[in-house]
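Residue-level structural notes
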Amino acid sequence: MVLKKIAFSFFSLFLFYQTVQVLIAISKTAPTLLGPIENLLYSFFLNLCITGIFAFIGFVYPTHKLLADTYYKKINRDRINSIYAILRVSAFRYLLLLLFWGQKIQRKKFFSGKKSGLKKFIYQTKQSEFGHLAAFICLFITSVYLLIIGHLSMALWVFGINFIGNFYPIILQRHHRARLSNFNG
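Residues numbered from 1 in each chain as written. Predicted model: local features only at pLDDT ≥ 70, side-chain atom pairs only at ≥ 80, totals over all residues. Heavy atoms only, no water.

This next bit is on the packing of helix α2 (residues 36-60) against helix α7 (residues 118-148). Interaxial distance between α2 and α7 falls to 9 Å at its minimum, and their mutual angle equals 150 degrees. In terms of axis orientation, α2 runs roughly antiparallel to α7. As α2 packs across α7, the resulting crossing turns out to be right-handed. Note on element contacts: α7 touches α2 through Q127, G131, H132, A134, A135, C138, L139, T142 and L146, opposite L46, N47, I50, T51, F54 and G58. Here the contact of α2 with α7 is built from residues that sort into 8 nonpolar, 7 polar and no charged. (Axes fitted to C-alpha atoms, helices over the stretch in contact; angles between N-to-C directions. Helix = DSSP H or I, 4+ residues; strand = E, 2+ residues; numbered from the N terminus. Parallel < 35°, antiparallel > 145°, perpendicular 65-115°, else oblique. Left-handed = near helix turned anticlockwise from the far one by under 90°. Contact = heavy atoms within 4.5 Å. Nonpolar A, V, L, I, M, F, W, Y, C, P; charged D, E, K, R; others polar.)

Listed below in structure tokens is the structure:
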């Protein structure tokens, strides 16, 4: 486990380094020199790297503890259910099940399906939510930075990918815990 913690910490540092290097390169490039495909690829890469920074760290450390426990417990069920419905997060959830979590072996890593597995499931939702929230904030700041330096197209792509790749999972995890709170009182 120690080796895994060291390796994943280095992966996160590497992704941080890559992110900084890409942003430096972008800042030195005139927006007119980048076509639509380059803007999309850079945007996807930035989303992947920044989200990965928090994912790798979250795989080996209880990063959710960086936020107060009240953040995870104070969930306005009606608001989360409304956002979930308006944004059609259920379609996003279905897509995740279809592409990744549909395999029983993958789902068992997140939730065993037994009452005894609820504690681990809640822990996993908090870990996932924190990782996506931290990435969402960093990518939002990145998109504002890109906008300031004149890369409008890339800023919009970064924001759009970020919204789907990080905001939707935040709502999904909060929705999971809101549903569980119905059973816990």
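Moving on from the model shown.
Turning our attention to the pattern of salt bridges. Counted by the stated rule, this structure contains 4 salt bridges. Across the salt bridge formed by K73 and D69, the nearest N and O atoms sit 3.1 Å from each other. Here the residue K73 and the residue D69 both occupy positions in helix α3 (residues 69-73), the gap between them amounting to 4 residues, near one helical turn. The exposure class assigned to D69 is partly exposed, which follows from its relative accessible area of 36%. When the shortest N-O distance is used, the salt bridge between K126 and D69 registers 3.2 Å. One end of the pair, K126, is in helix α7; the other, D69, is in helix α3, with 57 residues separating them in the sequence. By relative accessible area, which is 14% here, K126 ends up buried. Each member of the salt-bridge network shares a partner with another, and the members are D69, K73 and K126. (Salt bridge = Lys/Arg side-chain N within 4 Å of Asp/Glu carboxyl O. Buried < 20%, exposed > 50% of the residue type's maximum accessible area, 1.4 Å probe, protein only.)

Two elements in contact, helix α1 (residues 2-27) and α7, have axes whose closest approach is 11 Å; the angle formed by their N-to-C orientations is 20 degrees. The pairing of α1 with α7 is recorded here as roughly parallel in orientation. Considering only the axes of α1 and α7, their crossing is right-handed. Two secondary-structure elements touch here, α1 through L23, I26 and S27 and α7 through T142, Y145 and L146. For the contact of α1 with α7, the per-class residue count stands at 4 nonpolar, 2 polar and no charged.

To continue, consider the packing of aromatic side chains. By the definition in use, this model includes 12 aromatic pairs. Measuring from centroid to centroid gives 5.4 Å for F92 and Y168, while their planes differ by 65 degrees, and the two rings are edge-to-face. Of this pair, F92 sits in helix α5 (residues 89-101) while Y168 sits in helix α8 (residues 152-184); the two residues are 76 residues apart in sequence, bridging distant segments of the chain. The same class applies to F92 as to Y168, namely buried. Through successive ring pairs, a cluster of aromatic residues spans F92, F136, F140, F159, F163, F167 and Y168. Cation over ring: R174 sits above Y71, and NZ or CZ is 4.6 Å from the ring centre. (Phe/Tyr/Trp six-rings, centres within 6.5 Å; stacked < 30°, edge-to-face > 60°. Lys NZ or Arg CZ within 6 Å of the ring centre and 35° of its normal.)

Right, let's get into the side chain of E129. Relative to the assigned elements, E129 resides in helix α7. Within the structure, E129 has its side chain in polar contact with the side chain of R177 (distance 2.3 Å). Beyond its immediate chain neighbours, meaning those up to four positions away, E129 contacts Y71, Y72, I170, Q173, R174 and R177. (Polar contact = N/O pair within 3.5 Å; in protein donor to acceptor, adjacent residues only side chain to side chain.)

Turning our eyes to something else, we now look at unusual backbone geometry. Positive phi, normally seen in glycine, also occurs at R88, with a value near 55 degrees. Checked against the element boundaries, R88 lands in the loop between α4 (77-86) and α5.

Turning our attention to the nonpolar core. Membership of the largest hydrophobic core is limited to 12 residues, which are V22, L23, I26, L34, L46, I50, A135, L139, L146, M154, A155 and V158. Where this core is concerned, the elements lending two or more residues are α1, α2, α7 and α8. Apart from residues no more than four positions distant in its own chain, I50 is found in contact with T19, A135, C138, L139 and T142. With 9 residues, the next largest nonpolar core counts I75, I80, Y84 and V89 among its residues. (Core = buried A, V, L, I, M, F, W, Y, C linked by side-chain atoms within 4.5 Å.)

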